[in-house]
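Observations on the model geometry
Residues per chain are reported as follows:
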Amino acid sequence: MKLEHLTVNYDGLTVAQDLTLELPDRGMICFFAPSGTGKTTLLNVLCGLHKPQSGQVLGLEGKRFAFVFQEDRLIPELSARDNVGLVLDKNRQELAETFLARLGLGGWEKAYPDELSGGMQRRVAIARALAYGEQHRGEVVYLFDEPLKGLDEQTAGEVLEVIRTQTAGSLSFFITHDREEAQRLSDVIVCFAGPPLQVTQVIDNRK
């Protein structure tokens, strides 16, 4: 896939100016850069939530997107299971319990967000994206915007393994400020400076 001559403005800021970048069609790609550089806006451009002023994203046509946002975005009136099930077809609701269990939330399926800790809410949000991706396996691009934020080290490691296993063979984008986390998870790390976004280094861990 390729970002071709992207110029992106957001909230009065030039996030990207004529940015061109070629990326693999599969694997985990990490966007690594300081806060405020524009990484989240770039993810939003990839999935069509934000339109660039000029340029285009090539290679993601017809794809669905499973997005873990920086915010959990859970519906307070729904249980953990129903928050995950919201993105699933009626005949695939079992995936909600499957992924909650894989992320260590077995037994908490009927709990509401305000009954869960911040780290548990985070895992519900991750379960929702992974379950949606499983339902649409082969059609999905995964977007993870600091997915491990708020998780303790042990839980983060366990969740990372679930993410790695579940997204194998797919195209995924991952934002983190943790260099060790980036090295552990990513096939390719794209280091940015900015704004506007400028590629300073591309590390290919597949070699």
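These numbers were taken from a predicted model, which means no experiment stands behind them. (Residues numbered from 1 in each chain as written. Predicted model: local features only at pLDDT ≥ 70, side-chain atom pairs only at ≥ 80, totals over all residues. Heavy atoms only, no water.)

**Examining the overall build of the protein**
Check the secondary structure of the protein and you find 6 helices and 9 strands. For 207 residues, the compact-globule formula gives about 17 Å, and the C-alpha radius of gyration of the protein, at 17 Å, lands near that figure. Taken over 207 residues, the protein has a buried fraction of 51%. Working note: accessible area of the protein is about 9900 Å², and carbon and sulfur atoms make up 46% of it. Within the protein, one finds 22 positive and 29 negative side-chain charges whose respective centroids are separated by 4 Å. (Helix = DSSP H or I, 4+ residues; strand = E, 2+ residues; numbered from the N terminus. Rg over C-alpha atoms; globule rule 2.2 N^0.38 Å. Buried < 20%, exposed > 50% of the residue type's maximum accessible area, 1.4 Å probe, protein only. Areas by Shrake-Rupley, 256 points an atom, 1.4 Å probe, with all protein chains shown as cover. Lys, Arg positive; Asp, Glu negative; His and termini not counted. Charge placed at Lys NZ, Arg CZ, Asp CG, Glu CD.)

**What to know about the sheet that holds strand β1 (residues 2-10)**
Working definition: the strands of a sheet are paired by backbone hydrogen bonds and lie parallel or antiparallel to each other. Read from one edge of the open sheet, 3 strands run β2-β1-β4, paired in antiparallel fashion. Unpaired on one side and paired on the other, β2 (13-22) and β4 (54-58) mark the two borders of the sheet. Strand-to-strand, the axes of this sheet are offset by a mean angle of 25°, without reference to chain direction. In the sheet, β1 pairs with β2 via 6 bridges, with the strands oriented antiparallel. (Pairing = 2+ DSSP bridges. Axes fitted to C-alpha atoms, helices over the stretch in contact; angles between N-to-C directions.)

**With respect to the packing of aromatic side chains**
Applying the stated criterion to the full structure yields 5 aromatic pairs. Ring centres of F31 and F192 lie 5.4 Å apart, and the angle between their planes is 75°; on these two criteria the pair is classed as edge-to-face. In this pair, F31 is assigned in strand β3 (residues 27-32) and F192 in strand β8 (residues 188-193), connecting sequence segments 161 residues apart. For the pair formed by F31 and F192, the shared burial category is buried. (Phe/Tyr/Trp six-rings, centres within 6.5 Å; stacked < 30°, edge-to-face > 60°.)

**Quick notes on the nonpolar core**
Soluble globular proteins tend to bury their nonpolar side chains together. Within the largest apolar cluster, 42 residues are counted, with the highest numbers of intra-cluster contacts made by V84, V124, L130 and F144. Excluding residues within four positions of it along the chain, V124 makes contact with L74, A80, N83, V84, L100, L105 and L116. Membership of the second largest hydrophobic core comes to 30 residues, among which are L3, V8, L42 and L171. (Core = buried A, V, L, I, M, F, W, Y, C linked by side-chain atoms within 4.5 Å. Contact = heavy atoms within 4.5 Å.)

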